[in-house]
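# Architecture at a glance
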Amino acid sequence: MLNVPSQSFPAPRSQQRVASGGRSKVPLKQGRSLMDWIRLTKSGKDLTGLKGRLIEVTEEELKKHNKKDDCWICIRGFVYNVSPYMEYHPGGEDELMRAAGSDGTELFDQVHRWVNYESMLKECLVGRMAIKPAVLKDYREEEKKVLNGMLPKSQVTDTLAKEGPSYPSYDWFQTNSLVTIAIYTKQKDINLDSIIVDHQDDSFRAETIIKDCLYLIHIGLSHEVQEDFSVRVVESVGKIEIVLKKKENTSWDFLGHPLENHNSLIPRKDTEDPYMKDSYIRKNINQRRETFIFTFNPDVVGLYYRKCQLISKENVTHDTRLFCLMLPPSTHLQVPIGQHVYLKLPITGTEIVKPYTPVSGSLLSEFKEPVLPNNKYIYFLIKIYHTGLFTPELDRLQIGDFVSVSSPEGNFKISKFQELEDLFLLAAGTGFTPMVKILNYALTDIPSLRKVKLMFFNKTEDDIIWRSQLEKLAFKDKRLDVEFVLSAPISEWNGKQGHISPALLSEFLKINLDKSKVLVCICGPVPFTEQGVRLLQDLNFSKNEIHSFTA
Ligand code: FAD
Ligand code: NAD
């Protein structure tokens, strides 16, 4: 339908009309302008008092927050803590207080329809309203057969009711040509790294990383879709939208049928949560009422693999190569900084897997395109051990051959970089690989960063990975210092020599650490890493200040 412009001016409910008659403006205090409000919302201050958590709000709870200094208002099902906004509200505090502790949608529509409240109040978002189940009916059998997104209205309400206070959930909707699957994570700290999507034939999988768990959507789609799709994250509300393109522009009666472990929370292997470590799978047996059961099932904890094509392979040192793999067009996967994946190849009839840490294509943009389109490529720096089991086989692959790549794993958290001032990296041999993305990230995305020091241990000069890139980067960015230490140098080497030791470390870490926020990352052969961690502890670095990369 065409949107025909209104003949009357100002248009009903337009800003001009509302401002002139519909509501009175009150004088705002100094420092309480719209710009001041925007500045406050961007300051990182916790405006909800919930430290970034999104909650499910019951009517009873909403009613309790009805005072000026504790005022929650519900607008179109979303609840906002408007107390911090009171003094900035052009209509005055009293006007806002009319909706305190209640559903203010109607009031809002009468007076503020033109205001983009979602964006204005996005930092005040407390969560969604919990909706009471309208129909208490067991849908379990129905659920087994189809995932019906075209439920009558009463049942749609009931679908929403399934969402417990912190469990993720999903929903879907369609247009003539698109199907959108929306995942509600109920977490604010999600991004494009948090979601992995694979669809092959009619099987659709979406793994969402939520803290120490994976939330799995696994569906046999009812109709065919095109290979490419898009993924969007609305960080402020913790929502992920996966937009699939229909092959035929027909209306779908249902999304599809559930496949194994559909709509389940699965603990991640590398979780730090001891309870979750027990390989329990939390399966939602009744989607509409959010009934989770726990079953012990080590099989389902296994990582999912997709086949990737070898695009290029180039020598970096005499025994280390840069491999570039292309993800299938029907996959969205971005390996988070500090995490690794497993590569899988059949070797003499047996499937062998080994862990590898993806790197960026280079440390400097002049060496490689910074990010190839859609993050469809994964790079690896891999040392070939001629007497090894896996790497010789990998080295034999021809361009165009396939290797399976798992979903990511690892317990490194990017939050470790928050307000970081001094970063020390201790790498030995291919233990340099996690440092690549860390270096790229640290030098571009940590505003508080003062200094990065890399101490890179190798046997000989010929073994040093990306030496000239590292030297160029250190020349370009004065915050970076790089030191090479060789354990088996030729006699002409006039740099540092030996293995990791108290003397080398105390000199390397000599910096005014008194007041600075520090992180030391260490990776290499197991004895190197273990010895390094012991020495760092002896030098009074706390557990939080050390991250060791291990399997
Ligand atoms: P292996 O068969 O494991 O052999 C390796 C060497 O050990 C060979 O020289 C072999 O002769 C010797 N060896 C094997 N068994 C014995 C034995 N019993 N006694 C004495 N010597 C023996 N490597 C990279 O190159 N790049 C990466 O990005 C990377 N990331 C990793 C991430 C993680 C989390 C971990 C844990 C390891 C990572 N590795 C990485 C190492 C990688 O996983 C493999 O261990 C490595 O590639 C060797 O595999 P391989 O099967 O070829 O060699
Ligand atoms: P390498 O054998 O060439 O040795 C590199 C340097 O490590 C040596 O020069 C020496 O300084 C130090 N080193 C080696 N053995 C040592 C020991 N016993 N004690 C103290 N220092 C020692 O290294 P490489 O063949 O490149 O092996 C790299 C290692 O890093 C592999 O074991 C690999 O599994 C590991 N790695 C782990 C991760 C991870 O856990 N995330 C990632 C990448 C690599």
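Residues numbered from 1 in each chain as written. Chains lettered and ligands numbered in written order. Predicted model: local features only at pLDDT ≥ 70, side-chain atom pairs only at ≥ 80, totals over all residues. Heavy atoms only, no water.

### Quick notes on helix H2 (residues 34–41)
Basically, it comes down to this: Note on exposure labels: buried denotes an accessible area under 20% of the residue type's maximum, exposed denotes more than 50%, and partly exposed covers the range between, all computed with a 1.4 Å probe on protein chains only. Under the scheme used here, helices are H or I runs from DSSP no shorter than 4 residues and strands are E runs no shorter than 2 residues, and both carry numbers assigned from the N terminus. This arc describes the spread of directions from the helix axis toward the C-beta atoms.
Inspection of H2 places Asp36, Trp37, Leu40 and Thr41 among the buried residues, and these make up the whole buried set. Seen end-on, H2 carries its buried residues on one side only, within an arc spanning 135 degrees.

### Focus on the nonpolar core
Put simply, the rule is: The nonpolar core is taken to be a set of buried Ala, Val, Leu, Ile, Met, Phe, Trp, Tyr and Cys residues, with the residues joined through side-chain atoms within 4.5 Å.
In this structure, Leu423 and Phe432 are the most contacted members of the largest nonpolar core, which totals 40 residues. Mapped onto this core, the elements with two or more residues apiece are strand S19 (320–326), strand S24 (377–383), strand S26 (422–428), helix H10 (433–445), strand S27 (451–458), helix H11 (467–476), strand S28 (480–486) and strand S30 (518–523). Among the elements that line this core, the one with the most residues is H10, at six residues. Ile196, Ile347, Ile378 and Ile382 belong to the second-largest nonpolar core, a separate cluster that totals 27 residues.

### Looking at the packing of aromatic side chains
Given two aromatic rings, one states the distance between the centres and the angle between the planes to describe the pair. Short version of the rule: Only rings of Phe, Tyr and Trp enter the pairing, Trp through its six-membered ring, and a pair is recorded when the two centres are within 6.5 Å. The plane angle decides the type: under 30 degrees is stacked, over 60 is edge-to-face, the rest tilted.
One pass over the full model with this rule turns up eleven aromatic pairs. Geometrically, the ring pair formed by Phe424 and Phe508 is edge-to-face, given 5.6 Å between the ring centres and 70 degrees between the ring planes. Of the two residues, Phe424 sits in strand S26 while Phe508 sits in helix H12 (residues 502–508), which places them 84 residues apart along the sequence. You can call Phe424 buried: its relative accessible area is 1%. Classification of Phe508 as buried rests on a relative accessible area of 2%.

### Notes on the confidence of the model for the protein
Condition: Note on scores: pLDDT gives the predictor's confidence for each residue, bounded by 0 and 100. Residue contacts follow a heavy-atom distance rule, with two residues in contact if any of their heavy atoms lie within 4.5 Å.
For the protein, per-residue confidence averages 81 on the pLDDT scale, and residues scoring 70 or more make up 79% of the total. Considering each helix and strand of the protein separately, the mean pLDDT is smallest for helix H8 (residues 153–161), with a value of 30, and largest for S28, with 98. A low-confidence stretch, residues 1–23 (pLDDT under 50), is modelled with 25 contacts involving residues beyond four sequence positions or located in other chains. Every residue in residues 148–165 scores below 50 in pLDDT, and together they form 48 contacts with partners more than four places removed in sequence or on other chains.

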